[in-house]
Amino acid sequence: MKLHLNKCASFIFILICSPISFANLDQYDLVYRLKLADRTAEKENMSCFDVEMVIKGNEKGEFLLRIPHNITQIFIPKENLISMDATKEEGVFNFRFAPKRDTKINYKYCPVNPTRTIYEPIIEPDFFHFLAGNVLINPEHAVDPMNIKVDFKELPSQFTVATAHSIQEKVYTVNQPIQNFRDSAFVGSIYEVETINIKNQPVHIMTKDKWTLFDNKDFVYYLEKLITAQRTFWNDFDFPHYVIVLIKLESPDAEKYIHGFHKKNILSMSIPDGKIEKLYKVFYSLSHELFHAWLGISIEAPQPQGNLQWFFEGLNDFYGLQFALKSGIIDRKSYIQVYNQSLQSYYVSPFYQATNNEISEHFLNSHIYYGIIAQVRGHIVFNDYIARHPRGSEMYNPLDMALKEIGTQFGRKSGKVITENDLDIIFSKHLGDQEWSQMKRSIETGKLGSISPYLLEGEAVLIKKSVWAPSFGFDTEALIKHNALKSLKTNSNAYRAGLRKNDHILVHHFALNTPRVVAQVVVEKSGESKLIKFYPEKVIKYIPQYALVNVES
């Protein structure tokens, strides 16, 4: 007997006629056993997990189960399943099993992720990386904490498995609400693991393959300096377990950008290998992501956090760059290069004067465009503060003290979520009412005014620089906000590529800070979707940049 469901993805439920016995779950509510599936001839470029899940029975036998994408070949004992119905919620199904009977579900999970993006599950013959909720079938709307076991014992013996609480252990047990478990990261591979200790607390660094960008041992040394500096700043060494995973981007189809993925005590970095001259970007990105252990994880934001993106990403980005410099893992020249790139991405964007209310309104649907504006604006505002208050006055002490008070009042042991009003009170207290009012006005209105002519105690001076910026031939803001084409120029590359004013836009992707990236727009024409690609035209913009003076590069 087969039931075919087509919602989110194609699920194949196969009801097995013969009974299947399974050992009692004892203290567990959920048990998962995972092993790497053999590659099949028809899918020789795809790796999968074979997953065996057992869910503890209850009095009614009713469960709402969330089924992740990319699951096929689901097997359930026929005598256990009474009924199964789709719900209005995407990916959630209502199951009725035999009351008080533990039920085993077997399925195959095969992700489609050829470019190794770390925001989607990766499964390869010698490597996997995923969030539990993206791979494991799990109960929906369960409120009470659940006893859960995840068993990787059938993986090859040389595999190292890392979780938010353990490393080198292939059986993971936890008691927590299901929504927390869905957000748990799991990483496994034939990795080298180097462990350093910061105040007797372990940090495990997982690296794989040989890199031309850095020597692994040197990289570990610099990481130790950076992590020590950040934890000392917060006076917070309460990390009994922390894992850093480096993933090399080798696919020619992958975007050559550094991406970070921070969940609980696991930080994964996806890094394209390349020239040693680019190493400063890796260290800056690592410093940014490591600082999220406090701003975003220990110190939590109300969701959605669009109106506080200037704080949780902007201030975080500012301190990420500061600690990379103060730790000595990047020099002043690299610091200026990173900051200049931030200034360029801000002032070239058509949204650079969006108000904070607009950013909050469009944050969820257009995060890639509006979120980056809030992030860079926050970085600029705080960087400008230290440019106007040089190190002679106790080295950024008021700002540091404000952030440390935020950590004390709203850190992981406080049980509180910070609000905008809390931030106003603390920043006004340490920076002064007038100073904070001016900074907050810039954050809210998008009108930054003039920025300091000097940076790094006068070692860098402000200049105007001409740069090439993209021009798409239509109203970019209207397209991103409303999926509408306005002011389309007939002599533009977009028009020549096939775009028309009455086109219904389905998907779009633009790089707003450079004309060297192809714009991609998916439109619906005559009931069919069509991908249109084109290079934007180039226009000159004059933007603020900093240049080092009287300093050896």
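Since the structure is predicted, the reported quantities are computational estimates derived from the model, not experimental observations.

Calculation criteria
Starting from 1, residues in each chain are numbered consecutively following that chain's sequence as written. It should be noted that, the model being predicted, local features are given only for residues of pLDDT at least 70 and side-chain atom pairs only at 80 or more, the latter also being counted only at that level, while totals for whole chains, interfaces and linings use all residues. For side-chain calculations, the full set of non-hydrogen atoms in the structure is used, while hydrogens and water are omitted. For this analysis, a salt bridge means a side-chain nitrogen from Lys or Arg found within 4 Å of a carboxyl oxygen belonging to Asp or Glu. Counting from the N terminus, the helices are the DSSP runs of H or I reaching at least four residues and the strands are the DSSP runs of E reaching at least two. Among buried residues, the Ala, Val, Leu, Ile, Met, Phe, Trp, Tyr and Cys ones that are joined through side-chain atoms within 4.5 Å form a nonpolar core. Type-normalised accessible area, obtained with a 1.4 Å probe on protein chains alone, sets the label of each residue: buried when under 20%, exposed when over 50%, and partly exposed for intermediate values. Residue contacts are counted whenever heavy atoms from the two residues lie within 4.5 Å of one another. All axes are obtained by fitting lines to C-alpha atoms, using only the stretch in contact for helices, and the reported angles, taken between N-to-C directions, cover 0 to 180 degrees. An angle below 35 degrees is read as roughly parallel, one above 145 as roughly antiparallel, one from 65 to 115 as roughly perpendicular, and any other as oblique. Residue type decides the class: Asp, Glu, Lys and Arg count as charged, Ala, Val, Leu, Ile, Met, Phe, Trp, Tyr, Cys and Pro as nonpolar, and the leftover types, Gly among them, as polar. For any pair of crossing helices, the crossing counts as left-handed if the nearer helix is rotated counterclockwise from the farther one by less than a right angle, and right-handed if it is rotated clockwise. Any two rings among Phe, Tyr and Trp, with Trp reduced to its six-membered ring, count as a pair given centres within 6.5 Å; such a pair is stacked if its planes are under 30 degrees apart, edge-to-face if over 60, and tilted if neither. Comment: the charge-over-ring label is applied if NZ (Lys) or CZ (Arg) is within 6 Å of the ring centre and within 35 degrees of the ring normal. A pair of strands is labelled paired if DSSP reports no fewer than 2 bridges between them.

### Regarding the pattern of salt bridges
Okay, step 1: If you walk through the whole model with that rule in mind, you get 26 salt bridges.
Okay, step 2: Salt-bridge contacts for glutamate 444 lead to lysine 440; the nearest nitrogen and oxygen are separated by 3.4 Å. Here glutamate 444 pairs with lysine 440, and both are found in helix 11 (residues 433-445), just 4 residues apart, close to one helical turn.

### Things to note about the nonpolar core
A general trend in soluble globular proteins is that nonpolar side chains are found buried together.
Okay, step 1: Ile244, Phe311, Leu403, Phe427, Phe474, Leu499 and Phe510 are the most contacted members of the largest nonpolar core, which has 108 residues in total.
Okay, step 2: The leading source of residues in this core is helix 8 (residues 367-388), at 11 residues.
Okay, step 3: Those residues in contact with leucine 403 that sit more than four places away from it in its chain are Phe233, Trp234, Phe291, Leu295, Phe311, Leu315 and Tyr319.
Okay, step 4: Of all hydrophobic cores here, the second largest spans 41 residues; its members include Met53, Ile123, Ala132 and Ile178.

### Observations concerning the packing of helix 4 (residues 279-291) against helix 6 (residues 332-348)
Okay, step 1: Running from N to C, helix 4 and helix 6 point in directions that differ by 70°, and their axes come no closer than 10 Å. For the element pair helix 4 / helix 6, the angle class is roughly perpendicular. Residue-level contacts link Tyr280, Lys281 and Tyr284 of helix 4 to Ser334, Gln337, Val338 and Gln341 of helix 6.
Okay, step 2: A breakdown of the residues in the contact of helix 4 with helix 6 according to their chemical character gives 3 nonpolar, 3 polar and 1 charged.

### A few points about the packing of helix 9 (residues 397-410) against helix 10 (residues 420-431)
Okay, step 1: It is the contact of helix 9 with helix 10, at a shortest axis distance of 8 Å, that shows an interaxial angle of 145°. In this structure, helix 9 crosses over helix 10, and the sense of that crossing is right-handed. Packed against helix 9, whose contacting residues are Pro398, Leu399, Met401, Ala402, Glu405, Ile406, Gln409 and Phe410, the element helix 10 presents Asp422, Leu423, Ile426, Phe427, Lys429, His430 and Leu431 at the interface.
Okay, step 2: The residue makeup of the contact of helix 9 with helix 10, split by class, is 10 nonpolar, 2 polar and 3 charged.

### Some words on the packing of aromatic side chains
Okay, step 1: One pass over the full model with this rule turns up 49 aromatic pairs.
Okay, step 2: Considering the side-chain rings of phenylalanine 233 and phenylalanine 323, the 5.4 Å spacing of their centres and the 80° angle between planes classify their relative orientation as edge-to-face. Here phenylalanine 233, found in helix 3 (residues 216-234), pairs with phenylalanine 323, found in helix 5 (residues 309-326); they are 90 residues apart in sequence, far enough to count as distant. For the pair phenylalanine 233 and phenylalanine 323, a shared accessibility class is recorded, and that class is buried.
Okay, step 3: Above the face of the phenylalanine 410 ring, lysine 416 is positioned so that its terminal group lies 4.9 Å from the ring centre.

### With respect to the sheet that holds strand 21 (residues 266-272)
Okay, step 1: Judged by pairing direction, the sheet is mixed, and its 5 strands sit side by side in the order 17-18-19-21-20 without closing on themselves. Every other strand in the sheet has two partners, leaving strand 17 (192-198) and strand 20 (259-263) as the edge strands with one partner each. This sheet shows a mean twist of 15° between the axes of neighbouring strands, independent of strand direction.
Okay, step 2: Across 7 bridges, the pairing between strand 17 and strand 18 (residues 201-207) is antiparallel. By the bridge assignment for strand 18, asparagine 197 is matched with proline 202.
Okay, step 3: Running over the sheet, helix 3 touches strand 17, strand 18 and strand 19 (242-249) and is turned about 30° from strand 17.
Okay, step 4: Across the face of the sheet, helix 4 comes into contact with strand 19, strand 20 and strand 21 while running at roughly 160° to strand 21.

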